[in-house]
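Spelled out, the chains give:
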Amino acid sequence: MKEQLYKYILGIADNSLILGQRMGELCGHGPSLETDIACTNISLDLFGQVRSYYQYAAKIAGDNRTEDDIAMLRKEREYVNVLLVEQPNTDFAYIMARHFLFDMYHYMFLQELQKSQDLTLSAIATKSIKEVSYHLRFSSDWIKRLGDGTEESHSRIKNSIDDLWTYTDELFHLTDADKVMVNEGVGVDVTKLKDTYYTKVSEILQEATLEVPESKYFQKGGKQGIHTEHLGYLLAELQYMQRAYPNMEW
Amino acid sequence: MSEEQIKNLEEQFEARIVRDDKIEPKDWMPEKYRQTHIRQISQHAHSEIVGMLPEGNWITRAPSLRRKVALLAKVQDEGGHGLYLYSAAETLGISRDEMFEQLHSGKAKYSSIFNYPALTWADMGAIGWLVDGAAIINQVALCGTSYGPYARAMVRICKEESFHQRQGYEIMLKLSEGAQEQKDMAQDALNRFWWPSLMMFGPKDDESPHTAQSMKWKLKRKTNDDLRQQFIDQTVPQAELIGLTIPDPDLKWNEEKKGYDFGPIDWDEFWQVVKGHGPCNKERMKARVNAWEEGTWVRDAAMSYAEKQQKRKEKQAV
Ligand SMILES: [Fe+2]
Ligand SMILES: [Fe+2]
Ligand SMILES: [Fe+2]
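Since the structure is predicted, the reported quantities are computational estimates derived from the model, not experimental observations.

**Student:** Would you explain the overall build of chain B in this entry?
**Tutor:** A tally of helices and strands in chain B yields 13 helices and two strands. Over its C-alpha trace chain B gives a radius of gyration of 22 Å, about what one expects of a compact globule, namely 20 Å for 318 residues. Overall, chain B is about 75 × 50 × 30 Å in size when its C-alpha atoms are taken along their principal axes. Of the contacts made within chain B by residues no fewer than 6 positions apart, 76% connect residues no fewer than 24 positions apart. Carbon and sulfur atoms make up 53% of the accessible area of chain B, which amounts to about 14900 Å² in all. Taking the 44 positively charged and 48 negatively charged side chains of chain B as two groups, their mean positions are separated by 6 Å.

Pasting the structure below:
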């Protein structure tokens, strides 16, 4: 049970970690000062959440592991984030599409996690959902602006949604740890979120004058630690200091 | 307006400044006052946003989650400073786009310190401690400057800068308590950032042409050399406290002046960097220009969307 809870926490936190890292890459390079500040702020929120989750996971593990060991000293195959969040910052359209497709899920997930029997997790969810509802508003607004903006922005956001769509189905897969935790009343049964997710996403896309992709071919594997090639580079940066200077305090 | 009337207005204006009245955007002001303020405030704003680059560079590699969060928060603050300052400059009748244009064309300057590379994690400590530290010394003086919007922006910004400075110093402290490699990293960062930080106060007084006018308008309360001395006197004991050595063999306490004597600053290097030939001038400008150009389609989309929304609203109202 302890081991399953530990895995379950990583399954939630790794998503925020990897997405936070991606958003952190953008700092100072956004299309406007306001978006720069917003993206930095979102990254900051996500890392704040990550710290709460990993601190809790470290406590559950009960050895000398720290939040930083968990964040920065695992091997590539041990990260269990979904493939969606590790996709690169190709351009602002990809960045917003990735965010939007994740935020909608993240918001719905936290709504449910607030009801968890595990009081620490429900407290983290309650704190995080305020931040994530802002993220969702921010990314949804941008989907609408880009979709219903100019011809160029429309075609860019359309392409990015089409490309990233293939990673959405994985959000609703249950891992073994998920199943155990759902039975304990601790975890969220994400399969139940799926229909509402696609309905809500479609609503925003329609408002943005975008078509809902029809493709039924989906990618999966992140939750089992089988990632896209992008993750390795991201981890190389994330882990650089901890690997180059092991066992030091910062 | 007749010459006499203008002269009258100018006299009243100077009298207000002497009385410590704040000048507000709608008040009459001499054209030179307006231009000088546009130049200085926009230069300050540009420094904030170019300053996001060397530190932003280390966000993905911060050594711990705690440090990463703190660095993100700091860089976000700097962006916020850029926003207030651009807004303050806009009250003088220049748009943000025009200011960006001046930055990108090289017409407007920004603080030269950001043309030095941030190579190691210790540089995040050195930048916070020394660069934000030097900025505070320059800026505290500006909290009482004559132009209202600038003075108010400064009050807000100074509070955050002093937080950044403590955070930077704390990074250095931690390194100096750590393994030998960490101590060396801290010393190396101090070695590289010490002299450029001293240059942040600008040329020596006898080579600083605008000083007299700026003092009169309270854009400056103390001279470059005075501020530099204050910075050195404040920083040397902080370095000693954490076992770091200031890279200046001539540094020596002078009991008579109650301050440190220090070695010669390499002004050739200073002018080289100011004129655009420092280690990172080209990269920094390229990063800003790229962000701006690659963002054009995004800004256009936002504008076009806003216009469509406006039209829809108008239609509904009819
Ligand atoms: Fe500043
Ligand atoms: Fe600042
Ligand atoms: Fe600062």
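Continuing now.
**Student:** So what exactly am I meant to see when it comes to a negative patch on the surface here?
**Tutor:** Residue and element names in this part refer to chain B. Taken together, the side chains of Glu90, Asp97, Glu98 and Glu101 present a region of like negative charge at the surface. Residue contributions to the negative patch peak at three residues, all from helix H5 (residues 96-105). By the secondary structure assignment, Glu90 is in helix H4 (residues 65-90). Look at Glu90 and you get partly exposed, because its relative accessible area is 35%.

**Student:** Would you mind going over the coordination of the iron ion (ligand 3) with me for this structure?
**Tutor:** Each pair of donors in an ideal four-coordinate tetrahedral metal site encloses 109.5 degrees, whereas pairs in an ideal six-coordinate octahedral site enclose 90 or 180 degrees. All names here are of chain B. For the iron ion (ligand 3), the full set of protein donor atoms is Glu78 (OE), Asp132 (OD), Glu161 (OE) and His164 (ND1), and the range of their distances to it is 1.9 to 2.2 Å. Of note is the iron ion (ligand 3), whose four donor atoms meet at the metal with angles of 90 to 147° in an arrangement that counts as irregular. By relative accessible area, which is 1% here, His164 ends up buried.

**Student:** Help me understand the nonpolar core, please; the structure alone is not making it clear to me.
**Tutor:** What tends to happen in soluble globular proteins is that the nonpolar side chains get buried as a cluster. Counting residues in each nonpolar core, the largest one holds 176 residues, and the members touching the most others are Leu17(A), Phe109(A), Leu113(A), Tyr197(A) and Trp121(B). No other element matches helix H2 (residues 33-61) of chain A, which puts 16 residues into this core.

**Student:** Can you walk me through the interface of chain A and chain B in this structure?
**Tutor:** Accessible area lost upon the coming together of the parts is a frequently used measure of interface size. Residue-level contacts link 48 residues of chain A with 48 residues of chain B. Together chain A and chain B conceal approximately 4100 Å² of surface at their shared face, both sides included; 69% is due to carbon and sulfur atoms. Across the contact surface, chain A and chain B share four salt bridges. With a shortest N-O distance of 3.9 Å, Lys174(B) and Glu249(A) are connected by a salt bridge. For the pair chain A and chain B, the interface holds 15 residue pairs in polar contact (both at pLDDT 80 or more).

**Student:** What is the right way to look at the packing of aromatic side chains in this model?
**Tutor:** Here a ring pair, both rings aromatic, is described through the centre-centre distance and the interplanar angle of the planes. Under the criterion given, the structure shown has 23 aromatic pairs over all chains. Plain terms: the ring middles of Phe92(A) and Trp142(A) are 5.0 Å apart, the flat faces sit at 85° to each other, and that makes the pair edge-to-face. With Phe92(A) in helix H5 (residues 92-113) and Trp142(A) in helix H6 (residues 119-147), this pair connects stretches of sequence that are 50 residues apart. You can call Trp142(A) buried: its relative accessible area is 8%. A centroid spacing of 6.4 Å and a plane angle of 75° characterise the contact between Tyr33(B) and Tyr147(B), whose relative ring orientation is edge-to-face. Here Tyr33(B) is found in helix H2 (residues 31-50), whereas its partner Tyr147(B) is found in the loop between helix H6 (122-140) and helix H7 (148-176), with 114 residues between them in sequence. Each of the two residues, Tyr33(B) as well as Tyr147(B), counts as buried.

**Student:** Honestly, the packing of H4(B) against H5(B) in this entry has me stumped. Any pointers?
**Tutor:** The description of two packed helices rests on the angle between their axes and on the distance between the axes. Residue and element names in this part refer to chain B. Axis separation between H4 and H5 bottoms out at 9 Å; the angle between their running directions is 110°. Taken together, H4 and H5 sit at an angle that is classed as roughly perpendicular. On H5, the residues touching Leu83, Tyr86, Ala89 and Glu90 of H4 are Arg96, Met99 and Phe100. Its residues placed into classes, the contact of H4 with H5 shows five nonpolar, no polar and two charged.

**Student:** What am I meant to see in H6(A) here?
**Tutor:** Along an α-helix, residues three or four apart share an orientation, since each turn contains 3.6 residues. All names here are of chain A. With 29 residues, H6 extends 40 Å from end C-alpha to end C-alpha; this agrees with the ideal 42 Å at 1.5 Å per step. Ile129 marks the point of greatest bend in H6, at about 35°. The opening residue of H6 is Asp118, an N-cap whose side-chain oxygen sits 3.0 Å from the backbone nitrogen of Thr120.

**Student:** Please explain unusual backbone geometry as it appears in this structure.
**Tutor:** Working note: non-glycine residues mostly have negative phi, and peptide bonds are mostly trans. You will see that Asn247(A), though not glycine, has its phi angle at about 60°, which is positive. The phi angle at Lys218(B) is positive, at roughly 65°, despite the residue not being glycine. On the secondary structure map, Lys218(B) appears in the loop between helix H9 (211-216) and helix H10 (224-241).

**Student:** I would appreciate a short explanation of a nonpolar patch on the surface in the present structure.
**Tutor:** Among the surface-exposed residues, Met1(B), Ile6(B) and Trp28(B) lie close enough to one another that they form a single nonpolar patch of about 310 Å² accessible area. The partly exposed category is assigned to Trp28(B), whose relative accessible area is 32%.

**Student:** It is not clear to me how helix H1 (residues 3-18) of chain B should be interpreted in this structure. Could you clarify?
**Tutor:** For H1(B), which comprises 16 residues, the first-to-last C-alpha distance of 23 Å matches the rise-based estimate of 22 Å (1.5 Å per residue) to within 8%. Asp20(B) lies just past H1(B) and shows a positive phi near 75°.

**Student:** Whenever I open this one, the state of the cysteines confuses me. Can you help?
**Tutor:** Working definition of a disulfide: a covalent bond connecting the sulfur atoms of two cysteines. In the structure shown here, the tally under the stated rule is zero disulfides over all chains. Cysteine Cys39(A) shares no disulfide, and the gap to the nearest cysteine sulfur, in Cys27(A), comes to 9.2 Å. This cysteine, Cys280(B), is not joined by any disulfide, and Cys27(A) carries the nearest cysteine sulfur, 16 Å off.

**Student:** What exactly am I supposed to notice about the pattern of salt bridges here?
**Tutor:** Any two side chains of opposite charge can pair if their charged atoms end up close together. Residues and elements named next belong to chain B. Summed over all chains, the structure comprises 34 salt bridges over all chains. One salt bridge in this structure joins Glu24 and Arg152, with 2.9 Å as the shortest N-O distance. Remark: Arg152 occurs in helix H7 and Glu24 occurs in the loop between H1 and H2; sequence separation between them is 128 residues. On the basis of relative accessible area, Glu24 is assigned to the partly exposed category, the value being 25%. You can call Arg152 partly exposed: its relative accessible area is 47%. The salt bridge partner of Lys74 is Glu55, with a shortest N-O separation of 2.7 Å. Of the two residues, Lys74 sits in helix H4 while Glu55 sits in helix H3 (residues 52-56), which places them 19 residues apart along the sequence. Residue Lys74 is classed as buried on the basis of its relative accessible area of 4%.

**Student:** What is the right way to look at the packing of H6(B) against H7(B) in this model?
**Tutor:** All names here are of chain B. One can describe the packing of H6 onto H7 by two numbers: an axis separation of 7 Å at closest approach and a directional angle of 150°. Considered as vectors, H6 and H7 are oriented roughly antiparallel to each other. The chirality of how H6 crosses H7 is left-handed. Within the contact between the two elements, H6 uses Ala122, Met124, Gly125, Ala126, Gly128, Trp129, Asp132, Gly133, Ile136, Gln139 and Val140 and H7 uses Met154, Ile157, Cys158, Glu161, Ser162, His164, Gln165, Gly168, Tyr169, Ile171, Met172 and Leu175. Classifying every residue of the contact of H6 with H7 gives 13 nonpolar, eight polar and two charged.

Procedures and definitions
Position numbers for residues start from 1 in each chain and track the written sequence from start to end. In the order they appear in the text, chains get letters beginning with A and ligands get numbers beginning with 1. Per-residue local features are limited, in this predicted model, to residues with pLDDT of at least 70; the limit for side-chain atom pairs, both in listing and counting, is 80 or more; totals at the level of whole chains, interfaces and linings are taken over all residues. Side-chain figures throughout are based on the complete set of non-hydrogen atoms in the structure, without hydrogens or water. Secondary structure elements are taken from DSSP: a helix is a run of H or I of four residues or more, a strand is a run of E of two residues or more, and numbering for both begins at the N terminus. Note on method: radius of gyration uses C-alpha positions; expected globular size equals 2.2 Å times residues raised to 0.38. Whether two residues are in contact is decided by their heavy atoms, any of which lying within 4.5 Å being enough. The method behind every accessible area is Shrake-Rupley, applied with a 1.4 Å probe, and residues are considered shielded solely by the protein chains displayed. When charges are counted, Lys and Arg contribute as positive and Asp and Glu as negative, whereas His and the chain ends are disregarded. Working definition for charges: the position is that of NZ of Lys, CZ of Arg, CG of Asp or CD of Glu. Like charges within 9 Å and nonpolar side chains (Val, Leu, Ile, Met, Phe, Trp, Tyr) within 5 Å are joined into patches, using only residues over 30% in relative accessible area that form no salt bridge. In the sections that follow, a salt bridge refers to a side-chain nitrogen of Lys or Arg positioned within 4 Å of a carboxyl oxygen of Asp or Glu. Relative accessible area decides the class of each residue, using a 1.4 Å probe on protein chains only: under 20% of the type maximum gives buried, over 50% gives exposed, and in between gives partly exposed. Only nitrogen, oxygen and sulfur atoms qualify as donors, and only when within 2.8 Å of the metal (3.2 Å in the case of Na, K and Ca); with water excluded, sites may look incomplete. A four-donor site is called tetrahedral if each angle lies between 85 and 135 degrees; a four-donor site is square planar, and a six-donor site octahedral, when trans pairs exceed 155 degrees and the remaining angles lie between 65 and 115; all other cases are labelled irregular. Definition of nonpolar core: a set of buried residues of the types Ala, Val, Leu, Ile, Met, Phe, Trp, Tyr and Cys, connected through side-chain atoms within 4.5 Å. Buried area: the sum, over both parts, of the accessible surface (1.4 Å probe) that disappears when the two are put together. N or O atoms within 3.5 Å of each other form a polar contact, as long as, within protein, one can give a hydrogen and the other can take it, and as long as residues adjacent in sequence are counted only when both atoms are side-chain atoms. In this analysis, rings of Phe, Tyr and Trp, with Trp reduced to its six-membered ring, are considered paired at centre separations within 6.5 Å, and the interplanar angle assigns stacked below 30 degrees, edge-to-face beyond 60, and tilted for intermediate values. Between the N-to-C directions of two axes lies an angle of 0 to 180 degrees, each axis being a line fitted to C-alpha atoms and, for a helix, fitted only over the stretch in contact. Here roughly perpendicular refers to angles of 65 to 115 degrees, roughly parallel to angles under 35, roughly antiparallel to angles over 145, and oblique to all remaining angles. By the convention adopted, Pro, Cys, Tyr, Trp, Phe, Met, Ile, Leu, Val and Ala count as nonpolar, Lys, Arg, Asp and Glu as charged, and the other residues, Gly among them, as polar. Expected helix span is taken as 1.5 Å per residue step, with the number of steps being one fewer than the number of residues. One axis fitted to the seven residues ending at a residue, another fitted to the seven starting there: the angle between these axes is the bend at that residue. The definition used for a disulfide is geometric: two cysteine sulfur atoms within 2.5 Å. Should the near helix be turned anticlockwise from the far one by less than a right angle, the crossing is termed left-handed; should it be turned clockwise, right-handed.

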